[in-house]
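# Fold and contact review
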Amino acid sequence: MAMLEIKGIRKTFGDLEVLKDISFKVEKGDVISVLGPSGSGKTTLLRCMNFLETADEGTMIFDGEEFKLNGISKADQARIRRKTGFVFQNYNLFLNKTALENVTLGLTAGRKIPKEQAEKKGLEMLERVGMLDRAGYYPNQLSGGQQQRVAIARALAADPEIIYFDEPTSALDPELIGEVLNVMRDLANEGMTMVVVTHEMGFARNVSSRVVLMENGVIVEENSAKEFFENPKEERTKEFLRLKKEERE
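Treat the numbers as computed from the prediction; the structure is a model and nothing was measured.

Right, let's get into unusual backbone geometry. Excluding glycine, residues mostly carry a negative phi; peptide bonds, for their part, are mostly trans. Residue Asp 63 is not a glycine yet carries a positive backbone phi of 50°. Locating Asp 63 in the fold gives a position in the loop between β4 (57-62) and β5 (65-68). Phi at Asn 216 takes a positive value of approximately 50°, unusual for a residue other than glycine. Checked against the element boundaries, Asn 216 lands in the loop between β9 (210-215) and β10 (218-224). Asn 216 gets classed as exposed once you look at its relative accessible area, which sits at 51%.

Given below as structure tokens:
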């Protein structure tokens, strides 16, 4: 049984249908890269999966339980969220709190874990992402890559079963992208289940177990990373990969 399955997700903003009947499965240990041009619905999909947006239609099966996405209770949303982490494009750190405080806030305020216990966990997570020496720094004292690594530590602190990453490197200067991708690669090697909306072709090719290409609110192609890049089935996939190659050159 898949850890997570979504079926028939639809989402409309006004007259614009952003998601059109999206379905896919996530197995334990999967790293799924979701690719596609801007405006294809990738971020909206991720936000619907974590209840930051409410889908108009669709169901989610999580750990064997099925939920209707347009009628799920706040209690069930909270219960699922406790098993997930979310890493945002723009870090979403509290500017008035240190790196350590940003990591521990969800533990102390959200889960009522004693401060001392939360700080121990927080320091462990900062060490895991190579940021232990910056525990007392505020976000404005950190580079974008360092802030994103703190955000990843915050997601890890909750011991999630799955982490969603929404364009985790797109707000970074090119020279800082590698340090974030290295942390994500390490997590993949440790068996963390991840769904990653990304433009990073190297990560998608070398780290993902599966790749999904979206455009205009539908899944164009889904395959193993090896097959997706070496033997794409759809003409649109071939064109997308060719354009990406030209961008890099």
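From this point, the narrative continues.
Strand pairing in a sheet takes place through backbone hydrogen bonds and is either antiparallel or parallel in direction. If you trace the four strands from one edge of the open sheet to the other, you get β2-β1-β4-β5, paired in antiparallel fashion. In this open sheet, the two edge strands, each paired with only one partner strand, are β2 (16-26) and β5. Each neighbouring strand pair of the sheet contributes to a mean axis angle of 15°, computed without reference to strand direction. Across the sheet, helix α1 (residues 42-49) lies against β1 (4-13), β2 and β4, angled at about 120° from β1, the strand it touches most.

Time to look at the pattern of salt bridges. In the structure shown here, the tally under the stated rule is 20 salt bridges. For the salt bridge of Lys 121 with Asp 159, the shortest nitrogen-to-oxygen distance reads 2.8 Å. With Lys 121 in helix α4 (residues 115-128) and Asp 159 in the loop between α5 (144-157) and β7 (162-166), this pair connects stretches of sequence that are 38 residues apart. Residue classification places Asp 159 among the exposed residues on the basis of a relative accessible area of 53%. Note that Glu 239 is salt-bridged to Arg 236, the shortest N-O span being 3.5 Å. Placement of both Glu 239 and Arg 236 in helix α9 (residues 235-248) is noted, with a separation of three residues, approximately one turn of the helix. Note on Arg 236: relative accessible area 23%, which makes it partly exposed. Where salt bridges share partners, they join Arg 10, Glu 17 and Glu 57 into one cluster.

In terms of residue burial, α1 counts as a mostly covered element, since six of its eight residues are buried. Among all positions of α1, only Lys 42, Thr 44, Leu 45, Leu 46, Cys 48 and Met 49 are buried. Looking at the residues trailing α1, positive phi occurs at Phe 51, about 65°.

The next subject is the packing of α4 against α5. Put simply, α4 and α5 touch, their axes get as near as 9 Å, and they point 130° apart. Classified by the angle between their axes, α4 and α5 sit oblique to one another. Two packed elements cross with a definite hand, and for α4 against α5 that hand is right-handed. Facing α4, whose interface residues are Lys 121, Met 125, Leu 126 and Arg 128, α5 presents Val 150, Ala 153, Leu 156 and Ala 157. Partitioned by chemical class, the residues of the contact of α4 with α5 number six nonpolar, no polar and two charged.

About the thresholds
- Each chain has its residues counted from 1, following the order in which its sequence is written.
- Selection of residues for local features in this predicted model requires a pLDDT of at least 70, selection of side-chain atom pairs for listing and counting requires 80 or more, and totals for whole chains, interfaces and linings are taken over all residues.
- Hydrogen atoms and water are omitted, and side-chain values are computed over all heavy atoms in the structure.
- A run of DSSP states H or I qualifies as a helix once it reaches four residues; a run of E qualifies as a strand once it reaches two. Both are numbered from the N-terminal end.
- Burial classification: accessible surface area is computed with a 1.4 Å probe over protein chains only, and a residue below 20% of its type maximum counts as buried, one above 50% as exposed, and the rest as partly exposed.
- Two strands pair under a simple rule: DSSP has to find at least two bridges between them.
- Axes here refer to lines fitted to C-alpha atoms; in helices the fit is confined to the stretch in contact. Angles between the N-to-C directions go from 0 to 180 degrees.
- Residues are treated as being in contact if the distance between any of their heavy atoms lies within 4.5 Å.
- What counts as a salt bridge is simple: a side-chain nitrogen of Lys or Arg found within 4 Å of a carboxyl oxygen of Asp or Glu.
- For classification purposes, angles smaller than 35 degrees are called roughly parallel, those larger than 145 roughly antiparallel, those between 65 and 115 roughly perpendicular, and all remaining angles oblique.
- Crossing handedness follows the turn of the near helix against the far one: under a right angle anticlockwise gives a left-handed crossing, and clockwise gives a right-handed one.
- Residues were grouped as follows: Ala, Val, Leu, Ile, Met, Phe, Trp, Tyr, Cys and Pro as nonpolar; Asp, Glu, Lys and Arg as charged; and all remaining residues, including Gly, as polar.

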